[in-house]
Structure formats: structure tokens, C-alpha cells
Amino acid sequence: YTADVRRSIEQRLFVGDLLGVVATSALELGVDVGGIDLTLHCGYPGSIASVMQQAGRAGRGGKVDGKPSISIMVAFSSPSEQHL
């Protein structure tokens, strides 16, 4: 998709018009979205720091709205993911 489409999606996410967005790890960089209640991580991103950075996207709005948040990581069959 184009940059314009991405900006439109981000704007709709910012104002709460979208219930969910499927994104790459790029969402963790440079986008301040406060109302994410859940992050779902499909596979291990390669470091605990990346997991924490991505999981940290959930719950930022809790300071304002008091809603709980959650992060879920689905591990696949690779040895490094099974070790987690």
C-alpha cells in the first residue's frame, strides 16, 4: 500500500475508528498510539528487548482510561521459540 494509505490507517487508529490493526514491527518505531489494549506477537522477534518494546505498545492509554491491557506471544516450532 502507499504512504497515503498508511497515514490514513494510522490516523484512524489514533482517533479510535479502528478496532485493530495488523502491523509489522515498524509500528514500534516513531508512532505514538496511546489506546492499544492488546498486542499479539506471532513468533519471536529475535530479542527480549524487541518483545518488550513491542509489548510496551499495549497499555499506554491505561494511565488515562484505566483499562487493563495484555500482550500475547505465540511461539512457533523453532528451537529458540520453544526455549522461551
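You'll find the structure just up there.
Reference entry: report on the structure contained in this document. (Residues numbered from 1 in each chain as written. Predicted model: local features only at pLDDT ≥ 70, side-chain atom pairs only at ≥ 80, totals over all residues. Heavy atoms only, no water.)

## Overview of the overall build of the protein chain
Here's step 1: Looking only at helices and strands, the protein chain has 4 helices and 2 strands in total.
Here's step 2: Ordered by position in the sequence, the α and β elements of the protein chain form the string α-β-α-α-β-α.
Here's step 3: The burial tally for the protein chain puts 19% of its 84 residues in the buried class.
Here's step 4: Looking at the protein chain alone, contacts between residues at least 24 apart form 52% of all its contacts between residues at least 6 apart. (Helix = DSSP H or I, 4+ residues; strand = E, 2+ residues; numbered from the N terminus. Buried < 20%, exposed > 50% of the residue type's maximum accessible area, 1.4 Å probe, protein only. Contact = heavy atoms within 4.5 Å.)

## Some remarks on the pattern of salt bridges
Here's step 1: According to the stated counting rule, one finds 2 salt bridges in the structure shown.
Here's step 2: As a salt-bridge pair, Arg7 and Asp4 come within 2.6 Å of each other at their nearest N and O atoms. With Arg7 and Asp4 both in helix H1 (residues 3-14) and 3 residues apart, this pair spans about one turn of that helix.
Here's step 3: Where Arg6 meets Glu10, a salt bridge forms, and the shortest distance between an N and an O atom there is 2.7 Å. You can see Arg6 and its partner Glu10 sitting in helix H1, 4 residues apart, about one turn around the helix.
Here's step 4: For Arg6, a relative accessible area of 33% corresponds to the partly exposed category. (Salt bridge = Lys/Arg side-chain N within 4 Å of Asp/Glu carboxyl O.)

## Points about the environment of Gly43
Here's step 1: Checked against the element boundaries, Gly43 lands in the loop between strand S1 (38-42) and helix H2 (48-55).
Here's step 2: Through-space distance from the C-alpha of Gly43 to that of Ser78 is 9.3 Å; in sequence the pair is 35 residues apart.

## What about H1?
Here's step 1: When the terminal C-alpha atoms of H1 are compared, their 16 Å separation across 12 residues agrees well with the 16 Å that a helix rising 1.5 Å per residue should span.
Here's step 2: In the stretch just after H1, Gly16 is the one whose phi turns positive, near 85°. (Expected span 1.5 Å × (residues − 1).)

## Quick word on H2
Here's step 1: Every buried residue of H2 is listed here: Val51, Gln54 and Ala55. The arc enclosing the buried residues of H2, seen along the axis, measures out at 95°, which places them on a common side. Of the exposed residues in H2, those oriented more than 90 degrees away from the buried face are Ala49 and Met52.
Here's step 2: Where the residues of H2 are buried, they touch S1 and strand S2 (70-74). (Arc of directions from axis to C-beta.)

## Focus: the environment of Tyr44
Here's step 1: Topologically, Tyr44 is positioned in the loop between S1 and H2.
Here's step 2: Here the alpha-carbon distance between Tyr44 and Ser78, two residues 34 residues apart in the chain, equals 9.4 Å.
Here's step 3: Within polar-contact distance, the side chain of Tyr44 engages the backbone nitrogen of Ser47 at 3.4 Å.
Here's step 4: From its side chain, Tyr44 meets the backbone nitrogen of Ile48 in a polar contact 3.2 Å long. (Polar contact = N/O pair within 3.5 Å; in protein donor to acceptor, adjacent residues only side chain to side chain.)

Read these as spatial facts, not as claims about activity.
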